[in-house]
Number of protein chains: 4
Amino acid sequence: MKKLEKQQVFKDPLYGYIHVDFELIKKLIDSSLFQRLRRVRQLSGVQMVFHGAEHSRFSHSLGVYEIANRFLTVPDIKKALSERDKLVFLSAALLHDIGHGAYSHAFEDIFGVNHETIGAALIIENEELRSILDAIDKDFAWDIASVLKKKNKFPLIEQLISSQLDVDRLDYLERDAYFTGAAYGHIDLDRLIRVLYIKDGQVVFKLSGIHAIENYLISRYHMYWQVYYHPVSRAYEVVLEKIYLRVKDLLLSGFKFEGNVDPLKRVIDNPNDLSSYIEIDDFYINGLIASFTKSKDNILKELSLDFLNRRIWGYINDTLENKNKIEELKNYFKPEELKYFTSHRTVENSTYKDDEEKFGDKIYILLDNGKISTLKEQSKIIESLMLSGTKTDPKFFYRKR
Amino acid sequence: MKKLEKQQVFKDPLYGYIHVDFELIKKLIDSSLFQRLRRVRQLSGVQMVFHGAEHSRFSHSLGVYEIANRFLTVPDIKKALSERDKLVFLSAALLHDIGHGAYSHAFEDIFGVNHETIGAALIIENEELRSILDAIDKDFAWDIASVLKKKNKFPLIEQLISSQLDVDRLDYLERDAYFTGAAYGHIDLDRLIRVLYIKDGQVVFKLSGIHAIENYLISRYHMYWQVYYHPVSRAYEVVLEKIYLRVKDLLLSGFKFEGNVDPLKRVIDNPNDLSSYIEIDDFYINGLIASFTKSKDNILKELSLDFLNRRIWGYINDTLENKNKIEELKNYFKPEELKYFTSHRTVENSTYKDDEEKFGDKIYILLDNGKISTLKEQSKIIESLMLSGTKTDPKFFYRKR
Amino acid sequence: MKKLEKQQVFKDPLYGYIHVDFELIKKLIDSSLFQRLRRVRQLSGVQMVFHGAEHSRFSHSLGVYEIANRFLTVPDIKKALSERDKLVFLSAALLHDIGHGAYSHAFEDIFGVNHETIGAALIIENEELRSILDAIDKDFAWDIASVLKKKNKFPLIEQLISSQLDVDRLDYLERDAYFTGAAYGHIDLDRLIRVLYIKDGQVVFKLSGIHAIENYLISRYHMYWQVYYHPVSRAYEVVLEKIYLRVKDLLLSGFKFEGNVDPLKRVIDNPNDLSSYIEIDDFYINGLIASFTKSKDNILKELSLDFLNRRIWGYINDTLENKNKIEELKNYFKPEELKYFTSHRTVENSTYKDDEEKFGDKIYILLDNGKISTLKEQSKIIESLMLSGTKTDPKFFYRKR
Amino acid sequence: MKKLEKQQVFKDPLYGYIHVDFELIKKLIDSSLFQRLRRVRQLSGVQMVFHGAEHSRFSHSLGVYEIANRFLTVPDIKKALSERDKLVFLSAALLHDIGHGAYSHAFEDIFGVNHETIGAALIIENEELRSILDAIDKDFAWDIASVLKKKNKFPLIEQLISSQLDVDRLDYLERDAYFTGAAYGHIDLDRLIRVLYIKDGQVVFKLSGIHAIENYLISRYHMYWQVYYHPVSRAYEVVLEKIYLRVKDLLLSGFKFEGNVDPLKRVIDNPNDLSSYIEIDDFYINGLIASFTKSKDNILKELSLDFLNRRIWGYINDTLENKNKIEELKNYFKPEELKYFTSHRTVENSTYKDDEEKFGDKIYILLDNGKISTLKEQSKIIESLMLSGTKTDPKFFYRKR
């Protein structure tokens, strides 16, 4: 577990500095695969509504690492993890998004891949990453992959990386709030860390910190409904998905594209073609979409112009009372256009899915008498948030003429 | 001067909201040319050191507009400008960077174009912009172009848009500080606005606000030396410039590129080919550089890999005492590589030029007795900053092997 | 409605500046009675837990005024209020706490006075205030008093000054959060102002702003339970109340005090003795308590030492299961001490009362179809917060030996 | 060096939390003498201009302790200090202002005492403090006193506690900026700590951090001229000083006061009467001044009314060209009033003295070659600030009629 001669830092607008002590972490950050995350923005369509939200998964990943680093100051975590475990934790935190491609959700939906599976595969198969990780020991890469795939070999680390209150969410809520300028989303991280304990291998929070958890969950609730589920963001993501859909259909029909669609083609042919997959970053996709604005295919051309020039689609609530209106809207399109120019959607098939209903059962509270309860049992406000959190906000989106 | 039925706002992390009252402004923001600024990042190489600095010229341009909007609350400005003048001011503030391309400085240096000239030309020649601006009156587009070109038709507006203390700098210092996380760069905008007066057509600041101005200039000094002139940022910009240089040389030699270099070619052939120029945004250039990583030309390939994988070049002070060392470093390269893999540079040929020496003479102070003096005469600290601000920090940059 | 020649400002850490345009407001701020609020701290016992919370009602009152000032930019409010009404609104906002004495709640409970009644009386009877207010017109003072007493002469202004979402709360939640350092309590004031409308004389908020209201109410909920109802704050307030109680009992028994208790005596004798009442600020009471530390009366002496040296009392939940423990604790005290050294309390008899149950019914939401609904009907999260908000947290407090 | 079972924290608006690990520190904080600092405000007259600045020396002292605590993470400091030395450092940081009385500067000037001497004496002589400190060892109290008196027994700790860049200044600049709302005064503490080294027992800062130091000194410069030396603050302090002067003269003449002036009298008779001295806090003095508003002595009465009702005195520059005007102003007063109702002052006899001229020579810079230089030699901007920093801003203050 070799340490750097001198701690290296990265200036961060949220935490002041990101602190790097281990040589391993430094090398992972410098790897091409991690640097590639600079070219994948964190919030797809959201930046069309909140212009400040232009930050990348690179910044976010550094932030998640820094929070993991601060979690390591918690006495119970310090005790529970060996030195090697700590490195597993920090590395997994840093690399948790390594498999993300451009506008992942839409991409994955259309092309049938999954960024988590790909992330784990990259950690095992990418030569550069592998040579860095193998320097620890020959199982190290596999162990990080196992954490990301939740194989239950490191149950505590898995909880810390991915659960209802984890290092990933703690960074992105705060970071997305900072860059969007949303008034909500501020989290009392210091307090949460101070009330975090490990009991029988389970992350628990002391009852005295319950207000900080309530506040975190309500911030999350507001960030989802105010920012991530903003109808204009959703409209914008629909456009992107339709572009992918049209590209896929054209590819399968043997259409001749002007831009270089080879990496996409190879991924469709073989979803395990990792080297092609990692070429597909925002820079690549955006360049491609720019080239599509001159496409001979009119549908692709129009969708691409919508995307680049921010022609936001229309939307209305997809409810019974709007049934006729929606039919009318659909009638404006030619049958062959309908598939590409309209969409019925709920937030459940949005980029930002949040299984809100269950959070109260999955966050554990350590009572003063030493017993463990759930958040839902201890907090009326959360119990009710769980009940209120089930709305799916179905909307019909359509290209405006 | 048609107003929107209801004021429209954009959530901004710095100012809370950007407020839009005029239909004209709304339409300009929605135009493709303005939306294109989303695809041009504000800080080229700086983001390689300060990972938070991923914001675009779109955000910055909205910010400059908002500050102009607030300047319109200053009694003296209100009085000095007609309703039409106000629209000229707001539009010019919004559009001041409309001619920016990808990584402009390096681009302009190599390809011999100028974003300000292009910006003015776009305002006159771009059909979409023109149809929006002509709705005010037939001279309106020309008037905005004249402000950007400083033709002295609107001397007051020109001062407010571009001088030693203008709406452009007030936004970018504050915004770049916010996104980088730099501790410096915070400006007391409210105070500056409160002490701003117009005297004989000249922007002046009351003596009682001199501390706010000192603070602004020192923040600016720190932002330049801490952020914009950070040696790693400068090293990164050198790489970019070398890529442009190699592309240009290869183009002239008739080399066959893999990626689509047509827009670049057309701009070289005809610097007035505006429609080609505006295709050259960050998305396009980054996609191109990605394609260069597979180039048959080795120099282009290596430079592109340096750029994408953040292989930072080395640098040492370009001083007499390092003369031998620099010669030694140069000897490692083949003669034909030298032009592409090494660079002697001062901050004066950096992307971020700041004519610091003169600021004290160009900011005017309104004394209590009604006379006008200069900042330099009134502030010893600024007088000395002017003397101390002349360093050029010459450095020799070289590709690491 | 005479305006100042030049707008005057006060630097404020929350809002940047407090802006004063009217001569009337300037004169009210400069009056002795308003300056007296510098000597009355905003948060009594809370500062014993949150050491930053040392701010006065003076700062808060300026803040409430500033928010009122910003409310006047709302189109519907602008339309609904005449020029004179606006001054009534601003003055009432500024003076709403003018009747506050030192540690008011405890004081009022023991001595049977009420700061709102006194505030209204002061506005009518204080010579200096009266001469300032009469300069507007002879009814002006009476109108402000009528607003503070909610006489329904100015129903809209009364709503804006004191309701479930009013200028008073908007300032104190944000201000108390700022000074305590509480992570919660941040309110999206800009957004709330943007969605505020007047409908049939009723303040309503557009449905699209419901998240900002939810966030406000949840911030309020957290500020109450995290800050205002912090058990140590409550313990500290109990001590203060017991001091007042002992002083009162001793006064009635003819005890000879060392300090100057005359103003207290006169207020007991005649609760309408306003000139004595306004002498009773924090400076006076704290000086008095300091003098009590040398009192010949042992109970008063001990209570005063507890207060000055922050000897926090003990507390346990006042529940059935603790019944025996409480009895045991009581047994340590002599019968004559019990009244002064122990206390059964719920948050309902705390300084900070918050009628939480009803807020959802009293905030009105303007639906897209123009109909008016209540917050409770529109927000499941608020409906449930209303249900969850009924806890009274009964505690038994006792002097530690 | 007994540690607490569980780290205790105090919520702080600047640093999130103040962290207490040692039992000793906890006990010192709980002592009556330290709690007394809650009753001594940090900024005397400044709060009359900046209404937010109502914070006490208690908050500031906790803050200085916290910064000292963070300094202990610096590798070189960790190495240089034994465990006991660390406790000496933390305790001295916490107690550095323990000798402060109400409105100290004016008080000390008139009554001939000195808060630093008194602080050291209290540490040795106060029973409660002594019993806490003696628990470490019998020399401990003496060692802390020796640090505060700069006896050179602990030269490194003395530098850290009190020099041109010390834990005291780092807290108060940041804290005073936070509470006043001043736009300046923000310091990059993290960066300063990262570049701090010890070389031959001397605190030095690496050249790479020179911008953070420049920024600190310029912030300090702005805080002094914008906040501490604000003419209205100075005017207010003059009033206070005149009150003290009048009280002293009346005491010596045997005047019968209405309020309890005994503690003052005892301190005049015997400046070493510590138990009387510590009774003199803001609460006491403010109570006293309130009682003076009914004094039979007219001068004392008027001064006290000026103080309580914020009747700010007038002021003009005390320059040759204003000589006649000043004479004229003096002529309005009766000869016996002149001493109490007028004052010639420079910032050098202000509460806030800042020996600015020398800072550049006293901050040491560690060059890349290992040699030590001074800040002045390395920073042109500081060199010039030193030259510009000599202004004394002489003003004549006078009671307005």
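Residues numbered from 1 in each chain as written. Chains lettered and ligands numbered in written order. Predicted model: local features only at pLDDT ≥ 70, side-chain atom pairs only at ≥ 80, totals over all residues.

The name that an unreviewed UniProt entry assigns to chain A is HD domain-containing protein, with the source organism given as Peloplasma aerotolerans.

Asker: Account for the overall build of chain A, naming residues and giving values.
Answerer: In terms of helices and strands, chain A carries 23 helices and nine strands. On C-alpha atoms alone, chain A measures out to a radius of gyration of 22 Å, which is about the 21 Å that the 2.2 N^0.38 rule sets for 401 residues. Over its C-alpha atoms, taken along the principal directions, chain A stretches across nearly 65 × 50 × 35 Å. Counting every position in chain A, which comprises 401 residues, the buried fraction comes to 53%. Sequence-distant contacts in chain A: of pairs separated by 6 or more residues, those separated by 24 or more amount to 66%. (Helix = DSSP H or I, 4+ residues; strand = E, 2+ residues; numbered from the N terminus. Rg over C-alpha atoms; globule rule 2.2 N^0.38 Å. Buried ≥ 20, exposed ≤ 12 C-beta atoms within 10 Å, placed from the backbone. Contact = placed C-beta atoms within 7 Å.)

Asker: Which residues make up the sheet that holds strand 7 (residues 364-366) of chain A, and what values do they have?
Answerer: All names here are of chain A. The four strands are arranged 3-4-7-8 in an open sheet whose pairing can be described as mixed. The open sheet has two edge strands, strand 3 (196-199) and strand 8 (372-374), and neither has a second partner. Pairs of neighbouring strands in the sheet enclose a mean axial angle of 45°, with direction left out of account. Both strand 3 and strand 4 (residues 202-206) contribute to a ladder of four bridges, which runs antiparallel. From the neighbouring strand, Ile-198 faces strand 4, where its bridge partner is Val-203. (Pairing = 2+ DSSP bridges. Axes fitted to C-alpha atoms, helices over the stretch in contact; angles between N-to-C directions.)

Asker: Explain the interface of chain A and chain B to me, and be specific about the residues and the numbers.
Answerer: Taken together, the contact pairs 26 residues of chain A with 26 residues of chain B. The set of elements that each furnish at least two residues to the side of chain A that touches chain B consists of strand 1 (3-12), helix 2 (32-35), helix 3 (57-71), helix 11 (167-180) and helix 17 (282-292) of chain A.

Asker: Residues and numbers for the packing of helix 3 (residues 57-71) of chain D against helix 11 (residues 167-180) of chain D, please.
Answerer: Residue and element names in this part refer to chain D. Helix 11 packs onto helix 3 with a crossing angle of 125° between their chain directions and a minimal axis gap of 8 Å. The pairing of helix 3 with helix 11 is recorded here as oblique in orientation. With respect to the hand of their crossing, helix 3 and helix 11 are arranged in right-handed fashion. The residues of helix 11 that touch helix 3, namely those facing Ser-59, His-60, Gly-63, Val-64, Ile-67, Ala-68 and Phe-71, are Val-167, Asp-168, Leu-170, Asp-171, Tyr-172 and Arg-175. (Parallel < 35°, antiparallel > 145°, perpendicular 65-115°, else oblique. Left-handed = near helix turned anticlockwise from the far one by under 90°.)

Asker: Before we move on, can you summarise the relation of the copies chain A and chain B with the specific residues and values?
Answerer: In screw terms, the move from chain A to chain B is a rotation of 180° and a rise of 0.0 Å along the axis, fitting with an RMSD of 0.0 Å. In the structure described here, the two chain copies are related by an operation that fits a two-fold rotation axis. Comparing interface residues between copies, 100% of those in chain A also lie at the interface in chain B; the contact surface is shared. (Least-squares fit on C-alpha atoms with pLDDT ≥ 70 in both.)

Asker: Now, about the pairing of strand 3 (residues 196-199) of chain B: what can you tell me, with residues and values included?
Answerer: Only one face of strand 3 of chain B is buried, namely the one carrying Leu-196 and Ile-198 of chain B, since none of Tyr-197 and Lys-199 of chain B on the opposite face is buried. Count of turn residues in the strand 3 of chain B/strand 4 (residues 202-206) of chain B antiparallel hairpin: two residues, of which Asp-200 of chain B carries a positive phi of about 50°.

Asker: Got a sec to walk through the pairing of strand 2 (residues 16-22) of chain D? Specific residues and values, please.
Answerer: Where strand 1 (residues 3-12) of chain D meets strand 2 of chain D, six bridges bridge the pair, whose relative direction is antiparallel. Paired with Gln-8 of chain D across the bridge in strand 2 of chain D is Val-20 of chain D.

Asker: Quick one: what's the story with the UniProt feature "domain: HD" (unreviewed entry) in chain A, residue by residue and with numbers?
Answerer: Within this numbering scheme, the UniProt entry marks residues 57-173 of chain A as carrying the feature "domain: HD" (unreviewed entry). Within residues 57-173 of chain A, the helical portion is 72% and the strand portion 0%, while the C-alpha atoms at the span's ends are 13 Å from each other. (UniProt positions renumbered as here; feature names shortened; annotations may be inferred.)

Asker: Lay out helix 7 (residues 115-125) of chain D in plain terms, naming residues and giving numbers.
Answerer: Buried residues of helix 7 of chain D: Ile-118, Gly-119, Ala-120, Leu-122 and Ile-123 of chain D, and no others. Summarising the contacts, the buried residues of helix 7 of chain D are in contact with helix 2 (32-35), helix 5 (83-95), helix 8 (127-134), helix 9 (140-148) and helix 16 (274-277) of chain D.

Asker: Quick one: what's the story with the nonpolar core, residue by residue and with numbers?
Answerer: One finds Ile-144 of chain A, Ile-144 of chain B, Ile-144 of chain C together with Ile-144 of chain D to be the most contacted residues of the largest nonpolar core, which totals 516 residues. With ten residues, the single largest contributor to this core is helix 13 (residues 210-228) of chain D. (Core = buried A, V, L, I, M, F, W, Y, C linked by C-beta atoms within 7 Å.)

Asker: So, the sheet that holds strand 8 (residues 372-374) of chain C: which residues are in play, and what are the values?
Answerer: Residues and elements named next belong to chain C. The strand order across the open sheet built from four strands is 3-4-7-8, with neighbouring strands paired in mixed fashion. Two strands lie at the open edges of the sheet, namely strand 3 (196-199) and strand 8, each paired on one side alone. Between one strand axis and the next, the sheet turns by 45° as a mean value, whatever way the strands run.

Asker: Give a description of the environment of Arg-70 of chain C that names residues and reports values.
Answerer: Within the secondary structure, Arg-70 of chain C is located in helix 3 (residues 57-71). Along the chain, Arg-70 of chain C and Thr-319 of chain C lie 249 residues apart, while their C-alpha atoms are 46 Å from each other.

Asker: Mind laying out the packing of helix 14 (residues 231-252) of chain C against helix 15 (residues 262-269) of chain C, listing which residues take part and the relevant values?
Answerer: Axes are the key here: two packed helices are described by the angle between their axes and the distance separating the axes. All names here are of chain C. Helix 15 packs onto helix 14 with a crossing angle of 75° between their chain directions and a minimal axis gap of 11 Å. One element, helix 14, and the other, helix 15, form an angle in the roughly perpendicular class. Every residue of helix 15 that contacts helix 14 at Val-247, Lys-248 and Leu-251 is listed here: Leu-264, Lys-265 and Ile-268. Each residue belonging to the contact of helix 14 with helix 15 can be placed in one class, and the counts come to four nonpolar, no polar and two charged. (Nonpolar A, V, L, I, M, F, W, Y, C, P; charged D, E, K, R; others polar.)

Asker: I'd like a description of the confidence of the model for chain A, backed by residues and values.
Answerer: In the predicted model, chain A carries a mean pLDDT of 91, and the fraction of residues at 70 or more is 97%. Scoring of the predicted complex yields 0.92 for pTM and 0.92 for ipTM. (pLDDT = per-residue confidence, 0-100.)

Asker: Any details on helix 13 (residues 210-228) of chain B? Residues and values, ideally.
Answerer: With 19 residues, helix 13 of chain B ought to run about 27 Å at 1.5 Å a step, and its terminal C-alpha atoms sit 25 Å apart, in line with that. Helix 13 of chain B sits mainly inside the fold: 16 of its 19 residues count as buried. (Expected span 1.5 Å × (residues − 1).)

Asker: An account of unusual backbone geometry is requested, with residue identities and associated values reported.
Answerer: Residues and elements named next belong to chain D. Residues other than glycine seldom take positive phi values, yet Lys-150 does so here, at roughly 55°. Summarising the element assignment, Lys-150 is placed in the loop between helix 9 and helix 10 (155-161). Accessibility expressed as a C-beta count within 10 Å gives 15 for Lys-150, which makes it partly exposed.

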